[in-house]
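Below are the chains, spelled out letter by letter.
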Amino acid sequence: MTQRIRDISQQGQPGEVITLQGWVRTRRSTKGLTFININDGSSMAGLQVVVNAELPDYESILKQLSTGASVSISGTLVESPGKGQRVEVQASQITVFGAADPETYPLQKKRHSFEFLRTLGHLRSRTNTLGAVFRVRNACAQAIHQFFQDQGFLWVHTPILTASDCEGAGELFTVTSLDLEQLPHTQAGAVDFSQDFFGKPAYLTVSGQLEAEIMAMAFTNVYTFGPTFRAENSNTSRHLAEFWMVEPEMAFCDLDGAMDWAEAFLKHVFRTVLEQCPEDMDFFNQRIDTSVLATAENILAHEFERITYSEAVTLLAKADRSFEFPVEWGVDLQSEHERYLTEEVFKKPVIVTDYPAAIKAFYMRLNQDGNTVRAMDVLAPKVGEIIGGSQREERLEVLERRIQTAGLPLEDYWWYLDLRRYGTVPHAGFGLGFERLVQFMTGMANIRDVIPFPRTPDNVEF
Ligand code: 4AD
Ligand code: MG
């Protein structure tokens, strides 16, 4: 098995003979010696290899060792005189698998803008920043599973093709078969694209919550972790048409319980990533956003603020500055309001609860006032809403009324109502936008740069 560069640089001992494989990042030559940095994606730093003029075929190999070339190198580890690295490799054999013509290879050493890199979706993962982002993304995913598995939650796989609009916001992509002959036709003879899943309508899921509720009614605590889709035509730095969501659902749990879970969960993920990716986190702190590490420490050190929507509106109304969108009770909070609360008032994450029923989904539990629901949004500095959740309406009659008020067809939700008919319990859950978490963690300004293949109104490449 090939050794990975991260392991070699952390554990390799001087004198050891090793073989590594990867891509050339940089090369510089002085007096018969060439220094190349090789990276296989396992670490930020890669490993320095010293190529000596005595190496067989030195001249012809050297010609091919430009940025982007793929190589296998055998050699001996020696203590490195250079700063910031323990060991380096004295190469004794180099095989070049594939050269990368410096005239045309787009990722030369100079820094590129993230916007430019987005046009190179097939190559940008080889850069330092995107490499660090995707290692941190991986560590977040692992920490998420670890948290829920340690707490006895069952990971449930909810469908991507669904018949229901969980959020009731009409942001669904429909699914269409390309086999037009299979599709039903309208009376006028046109293809009926609304009935295109073998004669029935089907959509890409906006959330696995409703199915997660089904599973929580059997396994008590469950979570989903999968792709979700929103047909919202918003070109912002926080919206994707395809994003990953983590949705825990807990039976015998109320909103306070859900807030406790959300806070413990986020803290666990931050703690784990700081432990597992110190090099990458340092890089973000130095190069992307100098408050990344302080923010992470701040998350771990303090309790999240918990305020009601009405309290939030009062705070915003007496803010010492004006907003583009004026605030009054009943309107949804905009990202400028979320940022004001988290960055200027509390300087830490804020959980806002009990929103007006009229601006939230039908499944949220109605409060006694008849006006507000047991909703919660976890707001983070800079990113705004990273979690949306609620206690669910477990009372059959109230839920029926809420579905009707929302203008949704009761008969479509017979199975959801059955959960309230047979063994209903108070329950609650939430959805974490996975990319927003990675954004928050890394300080990356644009959500397109924290997912390998962003899907936005302006991009469906590959
Ligand atoms: O607030 P949302 O719409 O809540 C739900 O979907 C609930 N069913 C979750 C639940 O209770 N199980 O979405 C949850 C989170 C948001 O807080 C946000 O972080 C993220 O998903 N999100 C998006 N992330 C990227 N691009 C988009 N277009 C997003 N829309 C929501
Ligand atoms: Mg929301």
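Residues numbered from 1 in each chain as written. Chains lettered and ligands numbered in written order. Predicted model: local features only at pLDDT ≥ 70, side-chain atom pairs only at ≥ 80, totals over all residues.

The name given to the protein in an unreviewed UniProt entry is Asparagine--tRNA ligase, with the source organism recorded as Halomicronema hongdechloris C2206. UniProt lists a comment for the protein under the heading Sequence similarities (unreviewed entry), and it reads "Belongs to the class-II aminoacyl-tRNA synthetase family." (UniProt positions renumbered as here; feature names shortened; annotations may be inferred.)

1. So, the overall build of the protein
Counting its regular elements, the protein contains 13 helices and 15 strands. With respect to the principal axes defined by its C-alpha atoms, the protein has extents near 85 × 60 × 45 Å. Here the protein holds 462 residues, and 38% of them are scored as buried. A separation threshold of at least 6 residues defines the contact pool for the protein, and within that pool the share at least 24 residues apart is 68%. (Helix = DSSP H or I, 4+ residues; strand = E, 2+ residues; numbered from the N terminus. Buried ≥ 20, exposed ≤ 12 C-beta atoms within 10 Å, placed from the backbone. Contact = placed C-beta atoms within 7 Å.)

2. Quick look at the site of ligand 1
The full set close to ligand 1 counts 23 residues, and Ser 207, Gln 209, Gly 388, Gly 431 and Gly 433 are the nearest of them. Going through the elements one at a time, strand S10 (242-251), strand S14 (384-391), strand S15 (427-433) and helix H13 (434-442) are the ones with two or more residues in the shell around ligand 1. Of all the elements, S14 adds the most residues to the shell around ligand 1, at six residues. Taken together, the residues that form the shell around ligand 1 break down as seven nonpolar, nine polar and seven charged. (Near = placed C-beta within 6 Å. Nonpolar A, V, L, I, M, F, W, Y, C, P; charged D, E, K, R; others polar.)

3. Brief notes about helix H8 (residues 292-301)
Looking at H8, one finds that the buried residues are Val 292, Thr 295, Ala 296 and Ile 299. In a view along the axis of H8, the buried residues occupy a sector of 100°, so they form one face of it. In this structure, H8 carries Ala 294, Glu 297 and Ala 301 as exposed residues pointing more than 90 degrees from its buried face. Packed against the buried residues of H8 are helix H6 (255-276), helix H7 (278-287) and H13. (Arc of directions from axis to C-beta.)

4. Concerning the environment of Glu 167
Along the chain, Glu 167 turns up in the loop between strand S7 (161-162) and strand S8 (203-204). What makes Glu 167 buried here is the crowd of 20 C-beta atoms within 10 Å. Along the chain, Glu 167 and Gln 187 lie 20 residues apart, while their C-alpha atoms are 32 Å from each other. Not counting residues up to four positions away in its chain, the partners in contact with Glu 167 are Val 206, Ser 207 and Ala 361.

5. Looking at the domain arrangement of the protein
As a measure of interface size, the accessible area lost when the parts come together is often cited. With domains assigned, the protein is organised as domain 1 (5-109) and domain 2 (126-171 + 206-449). Each partner contributes residues to the interface: domain 1 has six residues there, and domain 2 has eight residues. (Domains from an automatic or database assignment.)

6. Digging into the packing of helix H11 (residues 396-405) against helix H12 (residues 414-421)
When two helices pack together, you describe them by how their axes are tilted relative to each other and by the distance separating the axes. Remark: H11 packs on H12, axes separated minimally by 9 Å, with the N-to-C direction vectors making an angle of 160°. As summarised for this structure, H11 and H12 are arranged roughly antiparallel, according to the angle between their axes. By crossing handedness, the relation of H11 to H12 is classed as right-handed. Packed against H11, whose contacting residues are Leu 396, Leu 399 and Glu 400, the element H12 presents Leu 417, Arg 420 and Arg 421 at the interface. (Axes fitted to C-alpha atoms, helices over the stretch in contact; angles between N-to-C directions. Parallel < 35°, antiparallel > 145°, perpendicular 65-115°, else oblique. Left-handed = near helix turned anticlockwise from the far one by under 90°.)

7. Considerations on unusual backbone geometry
Trans is the common state for peptide bonds, and a negative phi is the common state for residues other than glycine. Positive phi values are uncommon outside glycine, yet Asp 354 reaches one of about 55°. Residue position: Asp 354 is located in the loop between strand S12 (350-353) and strand S13 (375-380). Classification of Asp 354 as buried rests on a count of 23 C-beta atoms within 10 Å. For Lys 382, which is not a glycine, the phi torsion comes out positive at approximately 70°. Checked against the element boundaries, Lys 382 lands in the loop between S13 and S14. Overall, Lys 382 belongs to the partly exposed group, with 17 C-beta atoms counted inside 10 Å.

8. Some remarks on the sheet that holds S13
Pairing between the strands of a sheet comes from backbone hydrogen bonds, and it takes one of two forms, parallel or antiparallel. Taken in spatial order, the eight strands line up as S6-S9-S10-S15-S14-S13-S12-S11 in an open sheet, and their pairing is mixed. At either end of the open sheet lies a strand with only one pairing partner, and these are strand S6 (154-155) and strand S11 (305-308). By the bridge criterion, four bridges tie S11 to S12 in an arrangement that is parallel. Residue pairing in the sheet places Glu 305 in a bridge with Val 350 of S12. (Pairing = 2+ DSSP bridges.)

9. Observations concerning the packing of helix H4 (residues 128-150) against H13
Interhelical geometry of H4 versus H13 gives an angle of 120° and a closest axis separation of 10 Å. With respect to H13, the axis of H4 lies oblique. As H4 packs across H13, the resulting crossing turns out to be right-handed. Taking contact as the criterion, the partners of Val 133, Val 136, Arg 137 and Cys 140 in H4 are, on H13, Leu 437, Val 438, Met 441 and Thr 442.

10. Here we look at the sheet that holds strand S5 (residues 87-98)
Pairing in this closed barrel of five strands is mixed, and the strands run S1-S2-S3-S5-S4 around the ring. Direction aside, the axes of adjacent strands within the sheet are offset by 55° on average. Bridge analysis of strand S4 (residues 70-79) against S5 gives 10 bridges, and the strand direction is antiparallel. Across the sheet, residue Val 71 finds its bridge partner in S5, namely Val 96.

11. Describing H6
Under the 1.5 Å per step criterion, the end-to-end length of H6 is 31 Å for 22 residues, consistent within 8% with the ideal 32 Å. Among the residues of H6, Leu 255, Ala 258, Met 259, Trp 261, Ala 262, Phe 265, Leu 266, Val 269, Phe 270 and Val 273 are the ones counted as buried. All buried residues of H6 project into a common sector of 160° when viewed along the axis, lining one side. Turned more than 90 degrees away from the buried face of H6, the exposed residues are Asp 260, Ala 264 and Glu 275. (Expected span 1.5 Å × (residues − 1).)

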